[in-house]
Amino acid sequence: MQTAAAYIRVSTEDQTEYSPDSQLKKIQEYAHAHQILLSEDHIYVDEGISGRQAAKRPAFLQMIRTARQKPRPFDVILVWKFSRFARNRQDSILYKSMLRKECGIQVISITEQLSDDPTAILIEALLEAMDEYYSINLAQEVRRGMYEKFSRGGVVSIPPFGYRMGTEHFEPETEQAPLIPMIYQDFLKGLSCRQIAAKLNALGVRTSRGNLFESRTITYILSNPTYTGKLRRTSSSDKDLTIVTGHHPPLIDESTYQAVQHRLSLMRASHAPHARTAPASYMLKGLVRCGQCGSTLTPVSKGNSLQCHKYTKGQCTQSHHIRLQKLNQAVLSRLEADQHPGDLCITLPDPPVIHTADPTNALIQRAYQRLDRIRTAYETGIDTLEEYASKKAQIQKEIDTLKKDQISSAPLTKTCKLSFHQAITLLRSSALTESAKNELLRAFVSHIIFTRPQNTIQIVYYTIPL
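Residues numbered from 1 in each chain as written. Predicted model: local features only at pLDDT ≥ 70, side-chain atom pairs only at ≥ 80, totals over all residues. Heavy atoms only, no water.

Asker: For this particular structure, what's the right way to read the state of the cysteines?
Answerer: Cysteine pairs can be covalently joined through their sulfur atoms, and such a bond is termed a disulfide. Enumeration over the complete set of coordinates arrives at zero disulfides. Cysteine Cys-293 is unpaired, with the sulfur of Cys-308 as its nearest cysteine sulfur at 3.5 Å. Judged by its relative accessible area of 0%, Cys-308 falls in the buried class. (Disulfide = S-S within 2.5 Å. Buried < 20%, exposed > 50% of the residue type's maximum accessible area, 1.4 Å probe, protein only.)

Asker: Can you help me understand the pairing of strand E4 (residues 106–109) in this one?
Answerer: Side-chain positions along a regular strand alternate between the two faces of the sheet. A one-sided burial pattern is seen for E4, the buried positions being Val-107 and Ser-109 and the unburied ones Gln-106 and Ile-108. Pairing geometry for strand E3 (residues 76–79) and E4, over four bridges, is parallel. Bridge pairing in E4 places Ile-77 opposite Val-107. (Helix = DSSP H or I, 4+ residues; strand = E, 2+ residues; numbered from the N terminus. Pairing = 2+ DSSP bridges.)

Asker: Could you clarify how one ought to interpret the sheet that holds strand E16 (residues 456–461) in this entry?
Answerer: The pairing of strands in a sheet happens through backbone hydrogen bonds and is either parallel or antiparallel. Spatially, the three strands line up as an open sheet ordered E9-E15-E16, and their pairing is mixed. The open sheet is flanked by strand E9 (288–290) and E16, the only strands paired with a single partner. Taking the axes of each pair of neighbouring strands and ignoring which way they run, one obtains an average angle of 30° across the sheet. Where E9 lies against strand E15 (residues 445–451), three bridges are found, and the strand directions are parallel. From the neighbouring strand, Val-288 faces E15, where its bridge partner is Ile-448. (Axes fitted to C-alpha atoms, helices over the stretch in contact; angles between N-to-C directions.)

Asker: Help me out: how do you make sense of unusual backbone geometry in this one?
Answerer: A negative phi angle is the norm for most residues apart from glycine, just as the trans form is the norm for most peptide bonds. For the peptide bond that leads from Lys-70 to Pro-71, omega is -10°, which places it in the cis range. Phi is positive for Gln-35, close to 55°, though the residue is something other than glycine. Looking at where Gln-35 falls in the secondary structure, it is placed in the loop between helix H1 (20–33) and strand E2 (36–47). For Gln-35, a relative accessible area of 61% gives the class exposed. Residues other than glycine seldom take positive phi values, yet Asn-455 does so here, at roughly 55°. Structurally, Asn-455 is set in the loop between E15 and E16.

Asker: Is there a simple way to think about the sheet that holds strand E11 (residues 305–308) in this case?
Answerer: The strand order across the open sheet built from three strands is E10-E11-E12, with neighbouring strands paired in antiparallel fashion. Edge strands, defined here as strands with exactly one partner in the open sheet, are strand E10 (297–300) and strand E12 (322–323). Pairing analysis gives two bridges linking E11 to E12, with the strands arranged antiparallel. Within the sheet, the bridge partner assigned to Ser-305 lies in E12 and is Arg-323.

Asker: How should I be thinking about the nonpolar core in this particular structure?
Answerer: The nonpolar side chains of soluble globular proteins are, as a tendency, buried together. Grouped together as the largest cluster of nonpolar side chains are 33 residues, with contacts concentrated most on Leu-284, Leu-335, Leu-441 and Ile-448. Broken down by secondary-structure element, the contributors of at least two residues to this core are E9, E11, helix H11 (324–338), helix H14 (420–428), helix H15 (434–442), E15 and E16. At five residues, the largest contribution of residues to this core is made by H11. The residues touching Leu-284, leaving out its near neighbours within four places in the chain, are Leu-327, Asn-328, Val-331, Asn-438, Leu-441 and Ile-448. Tyr-163, Tyr-184, Cys-193 and Leu-231 belong to the second-largest nonpolar core, a separate cluster that totals 26 residues. (Core = buried A, V, L, I, M, F, W, Y, C linked by side-chain atoms within 4.5 Å. Contact = heavy atoms within 4.5 Å.)

Asker: Could you clarify how one ought to interpret the packing of H11 against H14 in this entry?
Answerer: Running from N to C, H11 and H14 cross one another at 165°; their axes reach a closest spacing of 10 Å. Considering their axes alone, H11 and H14 lie roughly antiparallel with respect to each other. Once H11 is placed against H14, the crossing between them reads as left-handed. The segment H11 lies against H14, with Gln-329, Leu-332, Ser-333, Leu-335 and Glu-336 engaging Phe-420, Ile-424, Leu-427 and Arg-428. (Parallel < 35°, antiparallel > 145°, perpendicular 65-115°, else oblique. Left-handed = near helix turned anticlockwise from the far one by under 90°.)

Laid out in structure tokens, this is it:
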């Protein structure tokens, strides 16, 4: 007697007749009539999920992983229609072929039964093409319907902070709505987005998703015309923005909104495109942490200073702004004051040699891309751990072989032992690039804690041999 698994999928747009219970009932009737044993352990159901992408269907992927077990757990997979298995021809061909060739398992549609005649291959391909066309066409119709509803002032998105979803349109949320005028007025009074975010966080206010406010959250609120009683919608290309009059009550007046937009535009104009661009590298990159919250200090002021990353987003209450040159000197002075006696085992890289138009580099990059693809296949359950390990080892061997061809022209690195004093001397000299100094520091420094109120620096070292 043949054994079977049942795969059932219902997407959000399907009608009642496609319900999981009705599909399962028909599959069980088919299995009973054809003397096929269908175990309760092998019934896989994805509810409210589109069939366009297999990677987003957890029950489907679980079924595929189970099917690849040895010995095979079932002989056939029963589906109500082929469209339930997949609405993407690429996925359908991939998984059906894998199941048939590697596992000896056939996929059977109980309502679209095919004969053993070779023409059945053409019929099945035609059914799959029709299913994919229906799925794409349905998505287009849904988008068209949503746009038509939006153009008439209907709601087609989730409510922003300050509103909740009513019966037909947005309604003011009791606790959040009064905060919107406050945010706008605070901004017009001269408070920055960071300061407003910090104020809301201090008051215990959280976003609609329960998160802390950030500068960008405030910027989004200040730029959202929804608060003036309008609705906005961006096209799929993110180029065309459409604004229509909604049916929900406004929380701010139009003049206030326009005044805020004017100040936002002035702020954007005052920041040149390169204003926030950090230097390519600097000696303390990624090493300095805020003494208040523990966040990393990152470049500000055209890269000439550092500031707590969370403070810039309004999530830390203490500014840790410091000029980079001043911090460099303070760290070097702290290192000299500590003066560990042990030797450091340091690898000093030479400046890299850039090879233009090197075909070996292209082959190596393609090999790394193949590594990414097989990792994705393992994560989605297509490959077992053993298969993934075998393929990875083979590709890694190819990469190692390709890299050996570049050894003669590649820069050599020098590993040496330095005293603590010698390391500090190198850090103070111009013999090393900022990037090389950063690598040197990371060899023996875990992180650096800067506490602005006390103006102190604490260096946390890795274990240094005595």
